[in-house]
Amino acid sequence: MNISISSDPQTIAVNCADVIWAEDKTSRMLGITRDSVGPGTAAVSMIVGDEMVNGLDMAHGGLMFTLADVAFALACNTRNSIAVGNFCSVQFLRPASRGDRLTATAKESLLDGRNGIYDVTITDQSGRRIVEFRGHSKIVPGTHLAAASGDPAAAEV
């Protein structure tokens, strides 16, 4: 995908998310939807289906982790730098149930050089906090978008 870069931070964030989202087969398989994206932020959601519960009839922790990770990935890749996860922690606060609509909202806490920290909260349809996730990102070489000016430093996707 070849998208030229804009100078508007919101447009850059959306275009970068479009590039990532186009190839995210896991999110599509799980029915995850992209709700919003902005500079250093993202929100995604999914409905806990019958195939997403564990042996205790609760939402599988690994799938809630995946939802948080998707929001984290989108949020840390909103500035046309390729960022990857470096470390994360997750705290499961309460169970989610079959049929719950879970929303993961990621917000940038820190961006310092190549390092970023992002806090992700998963809530259910009632606004109850279900999961707290903290992800650390590392910026690696490359970009998502080609520069409009033909800047050779910007990689073509």
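Structural data are supplied above this passage.
Source: prediction; values computed, not measured. (Residues numbered from 1 in each chain as written. Predicted model: local features only at pLDDT ≥ 70, side-chain atom pairs only at ≥ 80, totals over all residues. Heavy atoms only, no water.)

S.K.: How should the overall build of the chain be read in this particular structure?
M.R.: Secondary structure assignment for the chain yields three helices and six strands. The linear arrangement of helices and strands in the chain, starting from the amino end, is α-α-β-β-α-β-β-β-β. Classification of the 157 residues of the chain by burial places 41% in the buried group. Here the analysis covers contacts within the chain between residues at least 6 apart in sequence; of these, 62% occur between residues at least 24 apart. (Helix = DSSP H or I, 4+ residues; strand = E, 2+ residues; numbered from the N terminus. Buried < 20%, exposed > 50% of the residue type's maximum accessible area, 1.4 Å probe, protein only. Contact = heavy atoms within 4.5 Å.)

S.K.: Would you mind showing me how to read the environment of Tyr118 here?
M.R.: Looking at the element boundaries, Tyr118 is found in strand β5 (residues 115-123). For Tyr118, a relative accessible area of 1% translates into the label buried. A distance of 2.7 Å separates the side chain of Tyr118 from the side chain of Glu108, its partner in a polar contact. (Polar contact = N/O pair within 3.5 Å; in protein donor to acceptor, adjacent residues only side chain to side chain.)

S.K.: It is not clear to me how helix α1 (residues 9-22) should be interpreted in this structure. Could you clarify?
M.R.: Note on helix geometry: an α-helix contains 3.6 residues per turn, so any two residues three or four positions apart are oriented the same way. Taking 1.5 Å of rise per residue, the 14 residues of α1 would be expected to cover 20 Å, and the 20 Å separating its terminal C-alpha atoms lies within 8% of that figure. When we look at burial in α1, the residues that qualify are Ile12, Ala13, Asn15, Cys16, Ala17, Val19 and Trp21. Of the surrounding secondary structure, the elements contacted by the buried residues of α1 are α2 (25-30), β1 (33-38) and α3 (61-76). (Expected span 1.5 Å × (residues − 1).)

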